Amino acid sequence: MSQTATPIDTAPSTVFEQDVHDGFSRSPKFLPCKYFYDERGSELFARICELDAYYPTRTELAIMRCHAGEMAALIGRHARLVELGSGDSTKTRLLLDRVVDLEAYVPIDISAEYLARAASNLRRDYPHVPILPVSLDYSRPFELPRSVRANRTVVYFPGSTIGNFTPAEARRFLRIIEAAAGPRGGLLIGVDLKKDPAVLHAAYNDPEGITAAFNLNLLVRINHELGGEFALDQFRHDAFYDTRQGRIEMRLVSLARQIVRIGSSSYAFARGEPITTEYSYKYDLGEFEKLAAEAGFSLRRSWTDENGFFGVQYYAVDRAG
Ligand code: AVI
């Protein structure tokens, strides 16, 4: 089975191109899941969140609705609330409605356009809260703007996006958050939990085919943005729960032996050869607490739903100063 990547001539000119080339040069082939989220991918993800089978979004929201008051009390007065990722404003608003004397709300997202839109809506509805959007790739070490004096910084990381990192990456990333939150800081985080594999399988293999379209959109992007020549009907969506690793693995599987050109490069795929496109790790509450402790956080409070499908946890930064 040939899994070689064959760059024919020019060096990759964009980060996306470079990442595709690097991912296709590995065995098994790999594409980073952050590339799911162009405009179409974000729309498809929003549709996934509405699916009956995809329980995480509505379950997390239900937990937030029940316990936002307690969460706000833990965030405390005169805090700065920093949200990582293109926050679902429904969840964020549950906090903004309840936190007392918030010094600032700092949404962080890679998409400046998305942020500008979200910030202007929030400014209208929360005129008393300074809304200070920051556009950056938060998966790399970052510093928060110093413009706001606050008692403490609390980072909000909802959506179980932490599950899309491997545990080693998650530990590293939690350390970045710990450094950004600083002494007396906190972390409010949503974590998807281990459960019956049948429930997980259904959540990532919806009969409507929205998750499949979301997955295949990676190839659409490569075709549009990098001059790729993927025939979409020559790849199929695949998602399965690996019990040993405790993760959903999403892949695109080649239906034929084929060579696909992308710009001036070409890549060989064997029949049945997968491209790994996403891991979605599921944790036990205790397991995640241990991971967070290794990054310098101690658990203050944990909430879950009646099925134990999803957890929201509040952590404090361990060190004093
Ligand atoms: C964004 N992330 C938490 C989702 C997940 O469940 O891992 C992405 C997703 N992939 C397929 N469906 C949803």
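Residues numbered from 1 in each chain as written. Predicted model: local features only at pLDDT ≥ 70, side-chain atom pairs only at ≥ 80, totals over all residues. Heavy atoms only, no water.

A.B. asks: I tried to follow the site of the ligand on my own but got confused; where do I start?
C.D. replies: Tyr 54, Asn 164, Tyr 204, Glu 278 and Ser 280 are the nearest of the 14 residues found near the ligand. Here Tyr 204 contributes a side-chain N or O atom positioned 2.5 Å from an oxygen atom of the ligand. Taking Ser 280, its side chain carries an N or O atom lying 2.6 Å from an oxygen atom of the ligand. Elements represented by at least two residues in the shell around the ligand include exactly α2 (39-50), α8 (210-226) and β12 (274-281). (Near = heavy atom within 4 Å. Polar contact = N/O pair within 3.5 Å; in protein donor to acceptor, adjacent residues only side chain to side chain. Helix = DSSP H or I, 4+ residues; strand = E, 2+ residues; numbered from the N terminus.)

A.B. asks: Looking at this structure, how should I read the sheet that holds strand β9 (residues 247-254)?
C.D. replies: By definition, the strands of a sheet pair up through backbone hydrogen bonds, in either a parallel or an antiparallel sense. Pairing within the open sheet is mixed, and its 4 strands lie in the order β2-β12-β9-β8. Single-partner strands in this sheet number two, and they are β2 (29-30) and β8 (235-242). Its contacts with the sheet place α8 against β8, β9 and β12, and it is angled at close to 60 degrees to β9. (Pairing = 2+ DSSP bridges. Contact = heavy atoms within 4.5 Å. Axes fitted to C-alpha atoms, helices over the stretch in contact; angles between N-to-C directions.)

A.B. asks: Hey, could you run me through the packing of aromatic side chains in this one?
C.D. replies: For any pair of aromatic rings, the description consists of the separation of the ring centres together with the inter-plane angle of the planes. Applying the stated criterion across every chain yields a total of 22 aromatic pairs. Judged by centre distance (4.3 Å) and plane angle (25 degrees), the rings of Phe 36 and Phe 214 are stacked. Of this pair, Phe 36 sits in the loop between β2 and α2 while Phe 214 sits in helix α8, placing them 178 residues apart in sequence. Considering the side-chain rings of Phe 235 and Phe 269, the 5.3 Å spacing of their centres and the 85 degrees angle between planes classify their relative orientation as edge-to-face. (Phe/Tyr/Trp six-rings, centres within 6.5 Å; stacked < 30°, edge-to-face > 60°.)

A.B. asks: Where do I start with the nonpolar core in this structure?
C.D. replies: The tendency in soluble globular proteins is for nonpolar side chains to be buried side by side. By size, the foremost hydrophobic cluster in this structure holds 36 residues, and its most contacted members are Phe 24, Leu 219, Ile 222 and Phe 230. Counting residues per element, the ones that place at least two in this core are α1 (15-24), α2, α7 (197-203), α8, β8, β9, β10 (258-262) and β11 (265-269). Those residues in contact with Ile 222 that sit more than four places away from it in its chain are Phe 16, Val 20, Phe 24, Leu 31, Gly 227, Gly 228, Phe 230 and Ile 262. One finds Val 106, Tyr 138, Leu 144 and Tyr 279 within the second-largest nonpolar core, a separate group that totals 34 residues. (Core = buried A, V, L, I, M, F, W, Y, C linked by side-chain atoms within 4.5 Å. Buried < 20%, exposed > 50% of the residue type's maximum accessible area, 1.4 Å probe, protein only.)

A.B. asks: Would you mind showing me how to read the domain arrangement of the protein here?
C.D. replies: Interfaces are often sized by the accessible area lost when the parts come together. For the protein, the assigned domains read domain 1 (15-48 + 198-281) and domain 2 (55-195 + 283-317). For domain 1 and domain 2, the distance between their C-alpha centres works out to 28 Å. Taken together, the contacts link 12 residues of domain 1 with 13 residues of domain 2. On the domain 1 side of the interface with domain 2, the three residues burying the most area are Val 199, Leu 200 and Tyr 281, jointly 50% of the side's total. Joining domain 1 to domain 2, the criterion identifies 0 salt bridges. Mapped onto the side of domain 1 that touches domain 2, the elements with two or more residues apiece are α7 and β12. Broken down by element, the residue count for the side of domain 1 that touches domain 2 peaks at 4 residues, all from β12. Its residues placed into classes, the side of domain 1 that touches domain 2 shows 8 nonpolar, 2 polar and 2 charged. (Domains from an automatic or database assignment. Buried area = accessible area lost by both parts, 1.4 Å probe. Salt bridge = Lys/Arg side-chain N within 4 Å of Asp/Glu carboxyl O. Nonpolar A, V, L, I, M, F, W, Y, C, P; charged D, E, K, R; others polar.)

A.B. asks: Would you mind showing me how to read helix α4 (residues 89-96) here?
C.D. replies: Note that an α-helix has 3.6 residues per turn; residues three or four places apart therefore point the same way. Of all 8 residues in α4, 6 are buried; the element is thus mostly enclosed. Residues of α4 that are buried include every one of Lys 91, Thr 92, Arg 93, Leu 94, Leu 95 and Leu 96, and no others. The inward-facing, buried residues of α4 contact α3 (55-75), β3 (79-84), β4 (104-109), α5 (112-125), β6 (152-157) and β7 (186-192).

A.B. asks: Would you explain the packing of α1 against α8 in this entry?
C.D. replies: For any two helices packed against each other, the geometry comes down to the angle between their axes and how far apart the axes lie. Two numbers describe how α1 lies on α8: the axes approach to 11 Å, and their chain directions differ by 130 degrees. Accordingly, the angle class assigned to the pair α1 and α8 is oblique. α8 is crossed by α1, and the crossing has left-handed handedness. For the pair α1 and α8, contact is made by Phe 16, Glu 17, Val 20 and Phe 24 and by Arg 221, Ile 222, Glu 225 and Leu 226, respectively. (Parallel < 35°, antiparallel > 145°, perpendicular 65-115°, else oblique. Left-handed = near helix turned anticlockwise from the far one by under 90°.)

A.B. asks: Please explain the pattern of salt bridges as it appears in this structure.
C.D. replies: A side chain of one charge can pair with a side chain of the opposite charge when the charged atoms of the two come close. Applying the stated criterion across every chain, the model contains 17 salt bridges. Here Arg 93 ties to Asp 125 by a salt bridge, and the two come within 2.7 Å at their closest N and O atoms. You can see Arg 93 sitting in helix α4 and its partner Asp 125 sitting in helix α5, a full 32 residues away along the chain. As a salt-bridge pair, Glu 249 and Arg 247 come within 3.6 Å of each other at their nearest N and O atoms. Among the charged side chains, a salt-bridge network with shared partners connects Arg 93, Arg 124 and Asp 125.

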